[in-house]
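Each chain is listed here by its residues.
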Amino acid sequence: MLTRKDFLKSGAALTAAATMAGGAPALAATKKKFTLAWTIYVGWMPWPWAAEKGIVKKWADKYGIEIDVVEVNDYSTSINQYTAGAFDALTITNMDTLAVPAVGGVDSTSIITGDYSNGNDAVILKNKTKFEDIKGQNVNIVQYSVSQYLLDRGLQMHGMTERDIKIVNTSDADMAAAFLTPDVTAVVTWNPIVEQIDADAGAHNVFNSSAIPGEILDLVIVNTKTLEANPDFAKALCGIWYETLGIMLADTPEAKAAQTEMGKLSGTDYAGFVSQLKTTHLFSDPAGAAEFTKGSQLIATMDHVRQFLFAWGMMGQGATSPDVVGIEFPGGHILGDAKNVTFRFNADYMAMAAAKTL
């Protein structure tokens, strides 16, 4: 499996982009069958549940199309496969969209701002209770992931830099076990691993994503050429998403049943799923999601993200500044190169859901 940085440095992203773009028309062809890829994460479990319950088919039928909701076992693999053209749409974070498909030249549009991490990602110290105690420690982390972004923001907010610590690249699969060993005293990870580690008596959650609300975002992106040629695909996805959230977040027995089933699909139970929902800010109201997407905070967040990626050499080979890639926001504001926009935020379909015009 390629890591995000390995993927970019190997040139695979650029090759994938060239494969998709070579000889292609300005717009993708109109088509009737589409794929959405997802991986296990609390904020993305509505998708397989909606597929099982017929909600995906209901909205696809409304627009005379077919939508296949496909699970990919590994998150990094799902990103690489989408970038190579295997899927039309993908569940992904804002940072990873910029780091892989956008930097790789694959133009993508975010059509659903689904949620933000509100405690799901955390810095945990062993037998230390303040973030400042991290200074001088080895920190086990999945390097170049959102965990490192969280760590960088925490260091920045506490007057430190990564020169004050030493990163130890560690697989997320090994993180909980690593914390139990005597040599590991600091980790940065995400749920459900955070919950596992927090259960240890010596674990202290000293900084988490609730301190940077709205920065670690979970999106649904669509290949922009596919979107432009097939807007009904985006309308169907938004219809599916907000109908499903309306069911799962209601105060009803049906909602509890839905959350129980989503928990099982993600490898936990009802209590575990509810616990993870508490540290996830779901944009359940499409009007609120659209307004957030059109707001100035998102522009500031994406500036943080691109500066982070550039600092760690993740903006592509030969990049001399974070401006190498353009990011377009609703209203036309662009960060970076306006002639090379490969990441776009679109609030139109969420606004249609709010207005009930889907």
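Residues numbered from 1 in each chain as written. Predicted model: local features only at pLDDT ≥ 70, side-chain atom pairs only at ≥ 80, totals over all residues. Heavy atoms only, no water.

## Some details on the packing of aromatic side chains
Piece 1. This structure, assessed with the given rule, holds eleven aromatic pairs.
Piece 2. One aromatic cluster is present, formed by Tyr41, Trp44 and Tyr75 through successive ring pairs.
Piece 3. Lys126 extends its terminal NZ or CZ atom over the ring of Phe179, reaching a point 4.8 Å from the ring centre. (Phe/Tyr/Trp six-rings, centres within 6.5 Å; stacked < 30°, edge-to-face > 60°. Lys NZ or Arg CZ within 6 Å of the ring centre and 35° of its normal.)

## Concerning the pattern of salt bridges
Piece 1. Evaluation of the coordinates by the stated rule reveals twelve salt bridges.
Piece 2. A salt bridge links Glu215 to Arg153, with the nearest nitrogen and oxygen atoms 2.8 Å apart. Here Arg153 lies in helix 7 (residues 146–157) and Glu215 lies in the loop between strand 9 (203–208) and strand 10 (217–223), a separation of 62 residues in the sequence. The pair formed by Glu215 and Arg153 is uniform in burial state, with each residue classed as buried.
Piece 3. Ionic pairing is found between Lys294 and Glu291, a salt bridge with its closest N-O pair at 3.2 Å. With Lys294 and Glu291 both in helix 14 (residues 286–294), this residue pair falls three residues apart, about one helical turn. (Salt bridge = Lys/Arg side-chain N within 4 Å of Asp/Glu carboxyl O. Helix = DSSP H or I, 4+ residues; strand = E, 2+ residues; numbered from the N terminus. Buried < 20%, exposed > 50% of the residue type's maximum accessible area, 1.4 Å probe, protein only.)

## Let's talk about the confidence of the model for the protein chain
Piece 1. Confidence in the prediction of the protein chain, expressed as mean pLDDT, is 91, and 92% of residues score 70 or more.
Piece 2. In the predicted structure, residues 1–5 sits below a pLDDT of 50 and forms 18 contacts with residues beyond four places in sequence or in another chain.
Piece 3. Taken together, the stretch residues 7–25 has pLDDT below 50 and engages in 31 contacts with residues farther than four places along the chain or on a different chain. (pLDDT = per-residue confidence, 0-100. Contact = heavy atoms within 4.5 Å.)

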